[in-house]
Amino acid sequence: DAGITQSPRHKVTETGTPVTLRCHQTENHRYMYWYRQDPGHGLRLIHYSYGVKDTDKGEVSDGYSVSRSKTEDFLLTLESATSSQTSVYFCAIGLAGGPGEQFFGPGTRLTVL
Amino acid sequence: GENVEQHPSTLSVQEGDSAVIKCTYSDSASNYFPWYKQELGKRPQLIIDIRSNVGEKKDQRIAVTLNKTAKHFSLHITETQPEDSAVYFCAASTLGGSQGNLIFGKGTKLSVKP
């Protein structure tokens, strides 16, 4: 495996609370991605990063922010969680040094009550 | 932007039969087409990919074909086995472009009956 972990793996929180999910990689890959997966929608890109402090929005970025202060860590923050953000969140790394083949982390199941 | 349509959404086959999943894409600049397999409760895993400079690629029982003119690509699984049961996702991307992110189809749930 390419050495990617996500934490926490499961989280239950209440509407209105802030939540931060962490993605950690051990192999110095430049590109990192955050997706959410919902039944009937497949995998949808939230935000991505192409280097330290370099991030951009994906197709479903509203309500989410990201930060990347170190190559190995990519954080996803829900500033004020809503029930519509209940989902499984996957982090991925780009293996080819750019867009292309991606390797996914194990996922975080988030439930917002 | 790119849009990827995937069909069918569910597919049930008998063990030993073949399975075919089809995807269409909208952006003619797309040049990289991976397929991911996701077992229940697990992460998506790349099983095969194809680039636009080839029309077909095989790896044991799985193959992918690409028709650039029609902008569609397909996954073929032969001699299906129960362990092939999973959700399969196609995706499209433009390698080398400034917006080369993967755009995924919505998935096909394949069930292989023993």
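Look a little higher up for the structure.
Note that the coordinates shown come from a computational prediction; the quantities given were computed from them, not determined experimentally.

Undergrad: Could you give an account of the overall build of chain A, with specific residues and numbers?
TA: The secondary structure content of chain A amounts to zero helices and eleven strands. When the helices and strands of chain A are placed in sequence order, the string is β-β-β-β-β-β-β-β-β-β-β. For a compact globule of 113 residues, the expected C-alpha radius of gyration is about 13 Å, and chain A comes in at 13 Å, within 12% of that figure. Residues counted as buried form 51% of the 113 residues belonging to chain A. On chain A, roughly 5000 Å² of surface is accessible, and the fraction owed to carbon and sulfur atoms is 48%. The distance from the centre of the 11 positive side-chain charges to the centre of the 12 negative ones in chain A is 3 Å.

Undergrad: Describe in detail the packing of aromatic side chains, supporting the description with residues and values.
TA: Residues and elements named next belong to chain A. As enumerated under the stated definition, the model contains 15 aromatic pairs over all chains in all. Where Y31 meets Y33, the ring centres are 6.3 Å apart and the plane angle is 25°; that geometry is what we call stacked. Neither residue differs from the other here; Y31 and Y33 are each classed as buried.

Undergrad: How would you sum up the environment of A:H10? Please name residues and give values.
TA: Along the chain, A:H10 turns up in strand 2 (residues 10-13). The exposure class of A:H10 is exposed, given its relative accessible area of 60%.

Undergrad: I'd like a rundown of the pattern of salt bridges, residues and numbers included.
TA: Oppositely charged side chains are able to pair whenever their charged atoms sit close together. Within the structure shown, the criterion is met by seven salt bridges over all chains. Measuring nitrogen to oxygen at the nearest pair gives 3.6 Å for the salt bridge that ties B:E39 to B:K37. Here the residues in one salt-bridge network are A:R22, A:K70 and A:D73, joined through shared partners.

Undergrad: Any chance you could break down unusual backbone geometry for me, citing the residues and the numbers?
TA: Between A:S7 and the following residue, A:P8, the backbone shows a cis peptide bond with an omega angle of -10°. Residue B:P8 is reached from B:H7 by a cis peptide bond, and omega for that bond is -5°. As for its position among the elements, B:P8 is in the loop between strand 1 (4-7) and strand 2 (10-14). Backbone geometry places A:N28, a non-glycine residue, at a positive phi of 65°. In this structure, A:N28 sits in the loop between strand 3 (19-25) and strand 4 (32-38).

Undergrad: If you had to explain the layout of surface pockets to someone new, which residues and values would you point to?
TA: The space that makes up the largest pocket amounts to roughly 810 Å³. Taken together, the elements giving at least two residues each to the lining of the largest pocket come down to strand 4, strand 9 (87-94) and strand 11 (108-112) of chain A together with strand 9 (86-92) and strand 11 (108-113) of chain B. Its residues assigned to classes, the lining of the largest pocket shows ten nonpolar, 17 polar and seven charged. For the second largest pocket, the calculated volume is near 340 Å³. Along the walls of the second largest pocket sit 18 residues, with B:K37, B:E39, B:Q45, B:I47 and B:E83 positioned nearest its centre.

Undergrad: A description of the sheet that holds strand 3 (residues 19-25) of chain B should follow, citing residues and the corresponding values.
TA: All names here are of chain B. Pairing in this open sheet of five strands is antiparallel, and the strands run 1-3-8-7-6 from one edge to the other. Both edges of this open sheet fall to strand 1 and strand 6 (56-59), since each of them pairs with a single strand only. Adjacent strand axes in the sheet meet at a mean angle of 15° when their direction is disregarded. Sheet topology note: the strand 6/strand 7 (residues 62-67) ladder contains four bridges and is antiparallel. Within strand 7, the position partnered with D59 by the bridge is I62.

Undergrad: Can you explain the nonpolar core? Please cite residues and give values.
TA: By size, the foremost hydrophobic cluster in this structure holds 23 residues, and its most contacted members are B:W35, B:F73 and B:L110. If you look at the next biggest cluster of nonpolar residues, it comprises 20 residues, including A:V60, A:V66, A:I93 and A:L110.

Parameters and conventions
- Along each chain, numbering runs from 1 in the same order as the chain's sequence is written.
- Chains carry letters from A onward and ligands carry numbers from 1 onward, assigned in written order.
- Per-residue local features of the predicted model are confined to residues with pLDDT of at least 70, and side-chain atom pairs are confined, for both listing and counting, to 80 or more; whole-chain, interface and lining totals are unaffected and use all residues.
- Water and hydrogen atoms play no part in the side-chain values, which are based on all heavy atoms of the structure.
- By definition, any uninterrupted DSSP run of H or I lasting at least four residues is a helix, any uninterrupted run of E lasting at least two residues is a strand, and each is numbered from the N terminus.
- Here the globule rule is a power law, 2.2 Å times the number of residues to the power 0.38, and the radius of gyration is based on C-alpha atoms.
- Working definition: with a 1.4 Å probe on protein chains only, accessible area under 20% of the residue-type maximum means buried, over 50% means exposed, and in between means partly exposed.
- Here the open area of atoms and residues is found with the Shrake-Rupley method and a 1.4 Å probe, where only the protein chains shown may cover a residue.
- Charge counting follows a simple rule: Lys and Arg are positive, Asp and Glu are negative, and His as well as the terminal groups are ignored.
- By convention, charge coordinates are those of NZ in Lys, CZ in Arg, CG in Asp, or CD in Glu.
- Only Phe, Tyr and Trp rings are paired, with Trp represented by its six-membered ring, and only when their centres lie within 6.5 Å; those with planes under 30 degrees apart are stacked, over 60 edge-to-face, the remainder tilted.
- When a carboxyl oxygen of Asp or Glu is within 4 Å of a side-chain nitrogen of Lys or Arg, the pair counts as a salt bridge.
- Space inside and on the surface of the protein is sampled on a 1 Å grid over the protein atoms alone, with a cavity defined as a set of points where a 1.4 Å probe fits but cannot get out and a pocket as an open set with protein on both sides within 12 Å along at least 5 of 7 lines; lining residues have an atom within 4 Å of a point.
- Grid points are joined across faces, edges and corners, and a volume is the space filled by probe spheres set on the points.
- Throughout this entry, Asp, Glu, Lys and Arg are counted as charged residues, while Ala, Val, Leu, Ile, Met, Phe, Trp, Tyr, Cys and Pro are counted as nonpolar. The remaining residues, Gly among them, count as polar.
- Between any two strands, at least two bridges found by DSSP are needed for them to pair.
- Orientation is described by axes fitted as lines to C-alpha atoms, over the contacting stretch for helices, and by angles from 0 to 180 degrees between their N-to-C directions.
- Think of a nonpolar core as a cluster: buried Ala, Val, Leu, Ile, Met, Phe, Trp, Tyr and Cys residues, connected wherever their side-chain atoms sit within 4.5 Å.

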